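Letter by letter, the chains look like this.
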Amino acid sequence: MSAELRSVVILGTGCAGLTAALYTARSGLQPLVIEGQEAGGQLGLTTLVENFPGFVEGIQGPELVDNIRRQAQRFGAEYRSGNVRRADLSARPYRLEMEEGQDLRAECLIIATGARARWLGLPSEQALIGHGVSSCATCDGFFFRNRDIIVVGGGDSAMEEATFLTRFASSVTLVHRREDFRASRIMLERARGNPKIRWLMPAVIEEVLDAQQKEVTAVRLRDPRDGRQWEMPTAAVFLGIGHVPNTGFLGGQLECDADGYIITHENVLTRAPGVFACGDVQDRRYRQAITAAGSGCMAALEAEKFLAEAGHGAGQT
Ligand code: NAP
């Protein structure tokens, strides 16, 4: 079966992918946007975004991505649900093997696949995902109304999750492996000012316990200074310990750093001609909605330039 050929295929529907869709659509390139596993990316899972310029009172993350999505659609961006299993970047047009549906070919590829939540990696944690272990406070917080719960991490994600979860839980204990925090001052101070948040540092989760009941009942903790271990009852463990870039489908064909982030040159260029990367999949430093949007714009402008120089007109090839 011959694979559908497109001028521009964008992978990902977070802030970066959707901004790239908006710009390429407005320049008449009729981009095809593959939605990926988590449509809306990380913003789709967040609550109030207060630092995206232009929204005096802030805007809910899902509303922000939905707005950009519809804005791009107005200019001709097309969306398709699905996931790329494997990309073949050995020759143009690049071939995308889809997990479902027909394979695609793309003259130009914009990779905006973002990053997914990082887990502690404990077998007991993995076994209890969906039974009290979660990486999404907005998705699962509601289930822990009037319960005592734990949030793990010391960055902005952990502060945001802990603060948000106090809406439901009777108490949130923030467990962090160090006594210093990566979180921005404003987020840390907001969490510190919340009387429902308790602080436990330095402490490491050794095991998530379920007492064969198939739901979280406690954790076993360790003090990294002296190795002392103890158990603490909890109804849930929310992870806020950072993210892992979604680059597995590339199979090492693009240069990535040790943690799998795509290494870009001149902002969004990769070593493969006509392949651009934007947003969290290539940015481990800033990782903000606004910087993702900015790099999505750059990727779109580079795609336009590339296609013009390669002699492709607007629209489908
Ligand atoms: P992060 O800044 O990388 O922080 C991750 C935290 O998890 C660190 O405190 C780290 O501890 C801890 N951690 C990592 N691996 C761990 C493990 N295996 N066990 C225990 N703890 C572990 O990630 P993030 O909080 O997701 O933030 C990422 C970016 O998004 C940042 O730029 C942040 O500003 C931004 N962000 C912004 C907002 C907002 O403005 N509303 C909200 C969320 C995120 P160590 O400190 O010891 O390494």
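Read on for an overview of the structure. Note that the coordinates shown come from a computational prediction; the quantities given were computed from them, not determined experimentally.

On inspection of all chains with the given rule, the structure shows 17 salt bridges. In this structure, R190 engages E50 in a salt bridge whose closest nitrogen and oxygen atoms are separated by 3.1 Å. Pair noted here: R190 is in helix α6 (residues 185-192) and E50 is in the loop between β3 (48-49) and β4 (59-60), with a separation of 140 residues, a long-range link. Residue E50 is classed as partly exposed on the basis of its relative accessible area of 48%. Salt-bridge contacts for E189 lead to R185; the nearest nitrogen and oxygen are separated by 3.5 Å. Linking E189 with R185, this pair stays in helix α6, spanning four residues, or about one helical turn. The exposure class of R185 is exposed, given its relative accessible area of 66%. Salt bridges sharing partners connect three or more residues here, namely E4, R6, E78 and R80.

Under the counting rule described, the total for this entry stands at six aromatic pairs. Taking 6.2 Å as the distance between ring centres and 80° as the angle between the ring planes, the aromatic pair formed by F142 and F168 counts as edge-to-face. Of this pair, F142 sits in the loop between α4 (137-140) and β11 (148-152) while F168 sits in the loop between α5 (156-165) and β12 (171-175), placing them 26 residues apart in sequence. What makes F168 buried here is its relative accessible area of 13%. Ring geometry for F164 against F168: centres 5.5 Å apart, planes inclined by 70°, an arrangement best described as edge-to-face. Note that R26 overlies the ring of F75, its terminal NZ or CZ placed 5.3 Å from the centroid. Over the ring of W230 we find R228; its NZ or CZ atom is 4.5 Å from the centre of that ring.

This part covers the site of the ligand. Residues in contact with the ligand amount to 20 residues; listed here are only the nearest, D156, S157, R177, R178 and R182. Between the ligand and R178, the relevant distance is 2.7 Å, taken from an oxygen atom to a side-chain nitrogen or oxygen of the residue. The protein chains hide 80% of the 920 Å² of surface that the ligand would expose on its own. Tallying contributions element by element places α5 first for the shell around the ligand, with three residues. Residues from two domains meet in the shell around the ligand; each of domain 1 (4-117 + 243-309) and domain 2 (123-239) gives at least three.

The rules behind these values
Residues numbered from 1 in each chain as written. Predicted model: local features only at pLDDT ≥ 70, side-chain atom pairs only at ≥ 80, totals over all residues. Heavy atoms only, no water. Salt bridge = Lys/Arg side-chain N within 4 Å of Asp/Glu carboxyl O. Helix = DSSP H or I, 4+ residues; strand = E, 2+ residues; numbered from the N terminus. Buried < 20%, exposed > 50% of the residue type's maximum accessible area, 1.4 Å probe, protein only. Phe/Tyr/Trp six-rings, centres within 6.5 Å; stacked < 30°, edge-to-face > 60°. Lys NZ or Arg CZ within 6 Å of the ring centre and 35° of its normal. Near = heavy atom within 4 Å. Polar contact = N/O pair within 3.5 Å; in protein donor to acceptor, adjacent residues only side chain to side chain. Areas by Shrake-Rupley, 256 points an atom, 1.4 Å probe, with all protein chains shown as cover. Domains from an automatic or database assignment.

Honestly, that's just the spatial picture; any functional story needs more than this.
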